[in-house]
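# A closer look at the structure
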Amino acid sequence: MLAVTDEAIVLALHDYAETDLVCTFFTLDHGKIRGIAKGGRRSRKRFGGALELFARLRLTFRPKDGLARLEEAEPISVFPSIRGDLDKIAFAGYACELTDLFLPEGLRNPRFHRLLTAYLDRLESSPCELLDRRFFEMNLLNVLGYCPPLTECPSCGGDPSVHGARFSGPDLLCAPCGGSGPAVSPGTVKLLRRSLATGRFGAVEFPPRELREAGEVLDSLVASHAGKEIRSLRFLREIALA
Ligand SMILES: [Zn+2]
């Protein structure tokens, strides 16, 4: 198979045999791929020092069933500001783990790729904000079709931003219809809608109460769709960022 070149973000790295690295990438045109970098542990220079977690790079590889064969990697950005800050490393690692968990192999998803790139750029250029993590989660769920409708209660058709809402499983029910999950005030429903409409980090401010409510909802949605423990979340909790 001919070698191809694609833009990629490193989602995960594992040592393999004596000197090799098995890498998981989110590429722009080929979706998620797993590949082997022969001698990648011994000679990182051959791959331009680009085989680092959450680095953005131009990757040349030979697609294969199973593991692709990595030929070359040239860094676009290794995100030095993220790498110099433990909190930012924790958020970037979490975003990459969620992407790896939620994305099937080989499925192209340019919107999701743009979202992850935008989040890494945001972490690189701005102070660490919990709100940005929430914005990433919200848009990740939306891009994958896991975000419940925020404009219409699925039970009565009413507007959940009038009397507030509650989560019931994966659905957001208006308050009069009930539901046993986390309560969401009318203001939070409106801010969530505005966030999805802007598509830009930092465009919508959440006051502390609304941010907490949105966080509870997003935590429960992410956990129910992930279907397994998110390891980097433990690290976020240890350094009191979650
Ligand atoms: Zn209702």
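Figured I'd write up the structure that's included with this text.

Cut-offs applied
- For every chain, the first residue of its written sequence is number 1, and the numbers climb from 1 along that sequence.
- Only residues with pLDDT of 70 or above have their local features reported here, since the model is predicted, and side-chain atom pairs are shown and tallied only from 80 upward, although totals for entire chains, interfaces and linings are computed over all residues.
- With hydrogens and water stripped out, all remaining heavy atoms of the structure feed into the side-chain values.
- Strands are runs of DSSP state E lasting at least 2 residues, helices are runs of H or I lasting at least 4, and numbering of each runs from the N terminus.
- Atoms considered for the radius of gyration are the C-alpha atoms alone. The globule rule reads 2.2 Å times the number of residues to the power 0.38.
- A simple rule labels every residue: compare its accessible area, found with a 1.4 Å probe on the protein chains alone, to the largest value its type can have, and call it buried under 20%, exposed over 50%, or partly exposed in between.
- The criterion used for residue contact is that any of the two residues' heavy atoms lie within 4.5 Å.
- Using a 1.4 Å probe, the Shrake-Rupley method yields the accessible areas, and only the shown protein chains count as cover for residues.
- Charge counting treats Lys and Arg as positive and Asp and Glu as negative, with His and both chain ends excluded.
- For the purpose of locating charges, the reference atoms are NZ of Lys, CZ of Arg, CG of Asp and CD of Glu.
- The pairing criterion for strands is at least two bridges between them, as found by DSSP.
- Only one rule defines a salt bridge in this text: a Lys or Arg side-chain nitrogen within 4 Å of an Asp or Glu carboxyl oxygen.
- Polar contacts, as counted here, are pairs of nitrogen or oxygen atoms within 3.5 Å of one another; within protein the pair requires one atom able to donate a hydrogen and one able to accept it, and residues that are adjacent in sequence qualify only if both atoms are side-chain atoms.
- Here is the rule: rings of Phe, Tyr and Trp (six-membered ring for Trp) pair when centre to centre is within 6.5 Å. Planes less than 30 degrees apart are stacked, more than 60 are edge-to-face, and the remainder are tilted.
- A ring is scored as having a charge over it whenever the NZ atom of a lysine or the CZ atom of an arginine sits within 6 Å of its centre and within 35 degrees of its normal.
- Excluding water, the donors of a metal are its N, O and S neighbours within 2.8 Å, or within 3.2 Å for Na, K and Ca, and that exclusion means sites may look incomplete.
- Irregular is the label for any site that misses the other tests, which are tetrahedral for four donors with all angles between 85 and 135 degrees, and square planar for four donors or octahedral for six when opposite donors exceed 155 degrees and the remaining angles lie between 65 and 115.

We now examine the overall build of the protein. Assigned secondary structure in the protein consists of eight helices and eight strands. The C-alpha radius of gyration computed for the protein amounts to 20 Å, which stays within 12% of the reference 18 Å derived for 242 residues, consistent with globular compactness. Dimensions of the protein along its principal axes, counting C-alpha atoms only, are 60 × 35 × 30 Å. A burial count over the protein gives 47% of its 242 residues as buried. Looking at the protein alone, contacts between residues at least 24 apart form 59% of all its contacts between residues at least 6 apart. Within the structure as shown, the protein displays about 11600 Å² of accessible surface, and the carbon and sulfur contribution to it stands at 49%. Taken as two groups, the 32 positive and 31 negative side-chain charges of the protein have centres that lie 2 Å from each other.

With that out of the way, let us pick up the environment of Val 22. Position of Val 22 among the secondary structure elements: in strand E2 (residues 20-27). The buried category is assigned to Val 22, whose relative accessible area is 7%. Remark: the alpha-carbon pair of Val 22 and Ala 12, spanning 10 residues in sequence, is separated by 8.3 Å. Those residues in contact with Val 22, other than ones at most four positions away along the chain, are Ala 12, Leu 13, His 14, Tyr 16, Arg 34, Gly 35, Ile 36 and Leu 67.

If you trace the three strands from one edge of the open sheet to the other, you get E7-E6-E8, paired in antiparallel fashion. At either margin of the open sheet sits one strand with a lone partner, and together these are strand E7 (171-174) and strand E8 (183-184). Here four bridges tie strand E6 (residues 165-168) to E7, and the two strands are oriented antiparallel to one another. Its bridge partner lying in E7, Ala 165 is registered against Cys 174.

Let us look at the environment of Pro 63. With respect to the secondary-structure elements, Pro 63 resides in the loop between strand E4 (56-62) and strand E5 (68-77). Separated by 29 residues in the primary sequence, Pro 63 and Arg 34 have C-alpha atoms spaced 9.4 Å apart. Setting aside its immediate chain neighbours within four residues, Pro 63 contacts Met 1, Leu 2, Val 4 and Ala 68.

This part is about the side chain of Lys 88. Turning to its location among the elements, Lys 88 is positioned in helix H2 (residues 86-102). Despite its burial, Lys 88 pairs with no opposite charge, the nearest such side chain being Asp 85 at 4.9 Å. Within the local environment of Lys 88, its side chain forms a polar contact with the backbone oxygen of Ser 126, the two atoms lying 3.0 Å apart.

Moving on to the pairing of strand E3 (residues 31-37). With respect to burial, E3 is a largely interior element, six of its seven residues being buried. Examined bridge by bridge, E2 and E3 share seven bridges and lie antiparallel to one another. Note on E3: the bridge partner recorded for Phe 26 is Lys 32. Direction of pairing for E3 relative to E5: parallel, over a ladder of two bridges.

What the rule picks out here adds up to five aromatic pairs. For the ring pair Phe 26 and Phe 112, a centre distance of 5.4 Å and an interplane angle of 75° mean the geometry is edge-to-face. Within this pair, whereas Phe 26 is found in strand E2, its partner Phe 112 is found in helix H3 (residues 110-125), the two being separated by 86 residues in sequence. Each of the two residues, Phe 26 as well as Phe 112, counts as buried. The ring of Tyr 94 carries the charged tip of Arg 133 above its face, separated from the ring centre by 4.7 Å.

In this structure, Cys 153 (SG), Cys 156 (SG), Cys 174 (SG) and Cys 177 (SG) serve as the protein donors to the zinc ion, at separations of 2.3 to 2.4 Å. Around the zinc ion sit four donor atoms; with metal-centred angles ranging over 104 to 116°, the donor geometry is tetrahedral. Donor residues binding the zinc ion come from one chain and are separated in sequence as C-x2-C-x17-C-x2-C. Here Cys 153 is found in the loop between helix H4 (130-143) and helix H5 (160-163), whereas its partner Cys 177 is found in the loop between E7 and E8, with 24 residues between them in sequence. The class for Cys 177 is partly exposed, based on a relative accessible area of 32%.

By themselves these figures say nothing about function.
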